[in-house]
Structure formats: structure tokens, C-alpha cells
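Per-entry structural report
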Amino acid sequence: MTDADERLWRMGLEVVRKLQERGFEAYLVGGCARDRLLGRPLHDVDVATSAHPEQVAASFERVIPTGLQHGTVTVMHEGTPFEVTTYRTESGYSDARRPDSVAFVRDIREDLARRDFTINAMAAGLEGEWIDPYGGREDLSACIVRCVGDADRRFGEDALRMVRAIRFAAAFRFRLAKSVWRGIRSQAQRLRFVAMERIGAEWDKMMAGADPDRACRLLARSGLMAHLKEPLPAGLKAGMLAYRTAAEVGPKLRDIADTDARWIAWLSRCGAEPEEAVRFCRTIRLSGKREARIGQGVAFARRMAVSPGDRATFITAVLDFGKPAASDWLAAIGAGTGNGHGHAALLKCLEELPADSVRQLAVRGDELARHWDRPAGPWVAKVLRSLLEEVAFGRLPNDNAALLRAAEAFKES
Ligand code: ATP
Ligand code: MG
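Under an unreviewed UniProt entry, the name given to the chain is CCA tRNA nucleotidyltransferase, and the organism recorded is Cohnella candidum. Here is the UniProt Sequence similarities (unreviewed entry) comment for the chain, exactly as written: "Belongs to the tRNA nucleotidyltransferase/poly(A) polymerase family."

The subject of this paragraph is the environment of Arg-22. When you line up the elements, Arg-22 lands in the loop between α1 (3-21) and β1 (26-29). The spatial distance from the C-alpha of Arg-22 to the C-alpha of Ala-51 is 9.2 Å, given a sequence separation of 29 residues. Dropping the residues within four chain positions of it, Arg-22 is found in contact with Ala-58 and Ser-59.

Right, let's talk about the side chain of Asp-158 for a bit. As for its placement among the helices and strands, Asp-158 is situated in the loop between α6 (151-157) and α7 (160-172). For Asp-158, a relative accessible area of 9% translates into the label buried.

Burial along β1 is two-sided: Ala-26 and Leu-28 and Tyr-27 and Val-29, pointing in opposite directions, are all buried. Here β1 runs beside strand β2 (residues 46-49); their pairing, made up of four bridges, is antiparallel. Considered in β2, the bridge of Ala-26 is made with Thr-49. Where β1 lies against strand β8 (residues 123-124), two bridges are found, and the strand directions are antiparallel.

How each quantity is defined
- Residues numbered from 1 in each chain as written.
- Chains lettered and ligands numbered in written order.
- Predicted model: local features only at pLDDT ≥ 70, side-chain atom pairs only at ≥ 80, totals over all residues.
- Heavy atoms only, no water.
- UniProt positions renumbered as here; feature names shortened; annotations may be inferred.
- Helix = DSSP H or I, 4+ residues; strand = E, 2+ residues; numbered from the N terminus.
- Contact = heavy atoms within 4.5 Å.
- Buried < 20%, exposed > 50% of the residue type's maximum accessible area, 1.4 Å probe, protein only.
- Pairing = 2+ DSSP bridges.

Structural data, given as C-alpha cells:
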């Protein structure tokens, strides 16, 4: 717990105090209460209160009406946002998606009852008191993810909770309670009711989290992946199961610093083709930018799979897929981390590459066209690419006169 976390927690308690001064109840709840007990960094601090949204709004100077219909108001306190939500229950779940209705309630315990896991259903008060009706603290010390109430029923209400259970187990290195695992096995088919972006957001958090290898293995073993609303590419589903044995092929995903490089490593090791990787990213609703990056990284990995240490293959791949893809692939195989199986040489090769894109050449396309007084056309791109290869492989210096001279030979071919 850093000073910044300590400060954030205290600021949250000030929001609590202000509400109490106006005669309302208020507590810090959910992820922040859990992370506080775990001594983990806090990312956002949520407040639950007996005050209704308009009463919350009237209690602070700067508020944003974030989700009024769900009872949530964002309070700005000393420049930091705090989500303040009125005690509420949820009911309905006629489609295992979102509750049909939410109702405000008077008791914090009722609010805690709607929450997914015991470790997420604790509330911390101003005086250091904890409201913990479901034994969240006990489960925290026992390192166990357990549902609030009956797992089957809770997963039936909102099937996303099955994916969240796996996320928390992997993030905290916790076990799943037997009832949770049984609940997942029996309710897995209800995952098809859950919007892909909700699943994608959880999966991406898992990939960014403490132990993505374990998360992906649990996801594969749980059978959940067979029940997505939008199916995964068939090859990938099989690859996910086989992945368990693939740990020797590179670093553990958690030892790769960047989340997208982790996706690239995981997808490649599952045997995904580049177009399958792109389709996968689209299915789980990663942004277009990340989809493109991951796709290029997987394409790079695919190219290198045949002769992983080969310098010439590597350089050509850099020219075909770009330097960022090369860096991602090197990160994915663990170059620079001490377990990159001799790929340190390729890392060095990338750093020393005289040029990796035609934009870096000391000659421009329009210059070539003018030089031979020829209309620009596809021939320009071809000549530039040939020049780039010569420069990248160190056969030609990257200077204007030398390039124009060499272009002579390429322009006719
Ligand atoms: P993280 O630290 O990763 O954000 P979190 O526990 O804060 O984890 P959020 O998705 O931010 O997770 O949700 C905040 C709180 O809301 C949870 O701690 C939990 O109490 C409750 N919650 C969130 N999603 C659900 C759900 N699908 N079903 C029941 N309760 C939920
Ligand atoms: Mg949170």
C-alpha cells in the first residue's frame, strides 16, 4: 500500500464523512475494501450510501450524474472522482443479463447481498469498522473465491460472474470454492446471454493481471469458452486446451511486460493464424488499434516459427510487418529477459537496423519518378522496397546518390 493509496482511501473516507454529516449512512465498498485488506493498489474507490442520488448530488459541489437510473453519482472530491451509489438490490434477471429493475433499499446488508463474491461484499466504515455479513475477510485469509449465496443461482442471474470468478482467482492466486467450480460447470451454457464486450473487458483484465497463464488455463478447463454468444475460431478453442502443455516455448505470460505482447504470445502458442487472431480480437471487442497490433504480432510470430533464430527471415519480417510487430514478437518470446533462447542477437539486430521502412530511405518516391521522368506508379513502391531491403541487409548505404544509382538496376525488373 503506497502513500497514494493511503491518500485515496482517506479521501474516500472524507466523502463518507460528508454524507454522514448530512444524516446519511455511507461506507467504502467493493473492490477498494477488498484491495485495502489485501494491501494491493487501489484503482478506484466506491462509496455506498443510504442517500438517494439527488441527495448525494445536493451534498457536494461538483457531481456528474453518471448512472442515475442505477443510483450512481460521481462526486469530484479534490479533483478525484468517487462513484457514490445508493444502497440497492437487483431483481428480475429474466435473461441472465442485466437485472430487470433495481430498487433502492435502506440497509447496507441488502446492498452487499447483491454483490458477486464474499471478498467483494464487504464495507468499511469511517471508524474503521467492517460490515462483513458473508465472511469475506475469512475467505480473503483463506485465499478463496466464494459466491454470496448459492453459486448456481448467482451465476444463473448474471453469467458474467463465472468469468469474474476466474479473473479474481487468477489475479489474487486464490482457489475457487468447490461450489463455484460446480456452479460454473452447471451454468456455463448461460454465458451465451452475456454481451461480448463485458466478457472481453474481463478477459483483457485477466491478460493484464497477475497470472494470465492460469486465467487462460482455467477458462479453457471450465468449458466456458464453448458457450460464448459469438463463437471463437474453432482452431483457437482446441489450441486453448492444448496450451496447457506449451509453457516451455517461452516466458510465462506474466513475465511479459506489455498486455498486447501477452495476447500475441498466448494466441501464437494456441496456434492461431493471423486472421484468426484478428477475428478473436474483434470477437472480444478489443479496439481496432489493438486488433491491428496483435494481428501483426501474430503474423510476425507465424513467419518466425519456421526458423526462429534466422537473421534474414527476421529482417524480411521486420520489413513486412513493421518494427512494432518485431518488438512485440521479441517481447513475446522473452528476448531481453534472459530466457529468450539466443534471441538477444535479433534484439540487437533490430536496434541496429539502418532502416525498417521506406519512409526512412534517403530517397523519396516522387524523386525517383522525377529522376527518370516517368509517371509514378506501382513501379515506385517496388523499387523503394528493393532499395529498403538492400539498406536493411547492410548491402547499400542509406545515402541519396547511392540509392539513385542502385535504383537504376531495379527499375527495369
Ligand atoms: P477491480 O478491482 O478489478 O475493478 P472490482 O471488484 O472493483 O474489481 P468492479 O467490476 O469494479 O470490480 O465492480 C465493483 C464491485 O461491484 C465489485 O466489487 C462487486 O461488489 C460488484 N459487482 C461488479 N460486478 C458484479 C456482478 N456482475 N455481479 C455482482 N456484483 C458485481
Ligand atoms: Mg473496481
